[in-house]
Amino acid sequence: MPVITCAVFDARPYDTDALRHASADLGIDWRFLEFRLTAHTAPAARGAQAVCAFVNDQVDRPCLEALAAEGVKLVALRGTGFNNVDVAAARELGISVTRVPVYSPYAVAEHAVALLLTLNRRIHRAFNRVRELNFSLNGLVGFDLHGKTAGILGTGKIGRVTAQILRGFGMTVLAHDPFKDREWAAREGVDYVDASSLLGLSDVLSLHLPLTPETRHLIRAETLELVKAGAILINVSRGALIDTTALIEALKTGRLGGVALDVYEEEEGVFFEDLSDQVLQDDELARLLTFPNVLITAHQAFLTREALADIARATVANLEALADGHPFVEGSVLT
Ligand code: NAD
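Source: prediction; values computed, not measured.

## Some thoughts on the sheet that holds strand β10 (residues 231-235)
Thought 1: Reading across the sheet, the 7 strands line up as β8-β7-β6-β9-β10-β11-β12 and stay open at both edges, with parallel pairing between neighbours. Sheet topology places β8 (190-192) and β12 (294-296) at the edges, where each strand pairs with a single neighbour. With strand direction ignored, the average angle separating the axes of adjacent strands in the sheet is 20 degrees.
Thought 2: Here β10 runs beside strand β11 (residues 256-261); their pairing, made up of 5 bridges, is parallel. Paired with Ile 232 across the bridge in β11 is Gly 258.

Have a look at this one:
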């Protein structure tokens, strides 16, 4: 007998594999759905006690009302960020919301560094050239990271790992966070500075903070004015931390030397999809893709075996908790 039915929205083969593996003997009745969760698609959860949602599902009030009408008791997010969920509405409707509080921060930090190395050393361009038998090196000049300065905005789990990797390259690492971990900083040789000093001094800027009303468009025209000319900007956190229009302007003027993004302000409905036979409707994304010094991946920083297994384990534990009436995984409860 299944202990619980869970409708998994926006489910991809790697989610399906990891969730099935983590729940091998537990009798969870999975309903894997390839489309995103919205108010419109919520009725697909009919008969399920729980839904499992991802970053681009629109878990807003109308969606939660539709889920409540179907008898759903739990929204289990298979990620850390929850900016796409109306937590207050869920509370009012008596729906619990959980997230995965911790999973391999190395997955995300290592992807940020992979983007930095690729962009700086033009690996993406070199790869294409060599396949075309173009062995010229013109235009592929990068710079030594050793001895340069990196600025880490947000020294939570992922920011700290990124800082440590960059220290390993021999970079000076500056950090900014309203909640400082001074013991960690002293141990790792990282210096906390104010945000504008960090922007002005860093050759490489990496964003590792959550998207909230306060951090939305943290990188915009005024803050880009403060950035060291020619700096590289890396964003593996949330797209809306950056004002895309201002970003394009800063690339056109050369204020920024390069940009690597794993997230994009308007990624919903684009990232995770194969649109290769369609006309791209997003003009700003199309413009970004024309710059030789812009590198974009489609929200894949979490995509390691270890991170997927961590995510699946925590999600399954919360489904079991719902079925058995036990407390949810520590630190995972949003309401
Ligand atoms: P975390 O909660 O451990 O750390 C976030 C840090 O940001 C905290 O220390 C917080 O104090 C700090 N912060 C908040 N506001 C700030 C501000 N205005 N300036 C500077 N610092 C500020 O989170 P984490 O696990 O390190 O994750 C960071 C972000 O990475 C998440 O919010 C999520 O959006 C993103 N993420 C992306 C992927 C991906 O696949 N691309 C995967 C996981 C997480």
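## Topic: the domain arrangement of the chain
Thought 1: The assigned domain composition of the chain is domain 1 (4-103 + 304-324) and domain 2 (105-296).
Thought 2: For domain 1 and domain 2, the distance between their C-alpha centroids amounts to 30 Å.
Thought 3: Taken together, the 14 residues of domain 1 in the interface contact 11 residues of domain 2.
Thought 4: In total, about 1100 Å² of surface goes out of reach between domain 1 and domain 2, with carbon and sulfur atoms giving 50% of it.
Thought 5: A per-residue breakdown of the area domain 1 buries against domain 2 is headed by Asn 56, Asn 83 and Tyr 103, which together make up 39% of the total.
Thought 6: Summed over the shared surface of domain 1 and domain 2, the number is 2 salt bridges.
Thought 7: Across the pair Glu 268 and Arg 36 runs a salt bridge whose closest N-O atoms are separated by 3.1 Å.
Thought 8: In terms of residue class, the side of domain 1 that touches domain 2 is made up of 7 nonpolar, 5 polar and 2 charged.

What counts, and at which threshold
Residues numbered from 1 in each chain as written. Predicted model: local features only at pLDDT ≥ 70, side-chain atom pairs only at ≥ 80, totals over all residues. Heavy atoms only, no water. Pairing = 2+ DSSP bridges. Helix = DSSP H or I, 4+ residues; strand = E, 2+ residues; numbered from the N terminus. Axes fitted to C-alpha atoms, helices over the stretch in contact; angles between N-to-C directions. Domains from an automatic or database assignment. Contact = heavy atoms within 4.5 Å. Buried area = accessible area lost by both parts, 1.4 Å probe. Salt bridge = Lys/Arg side-chain N within 4 Å of Asp/Glu carboxyl O. Nonpolar A, V, L, I, M, F, W, Y, C, P; charged D, E, K, R; others polar.

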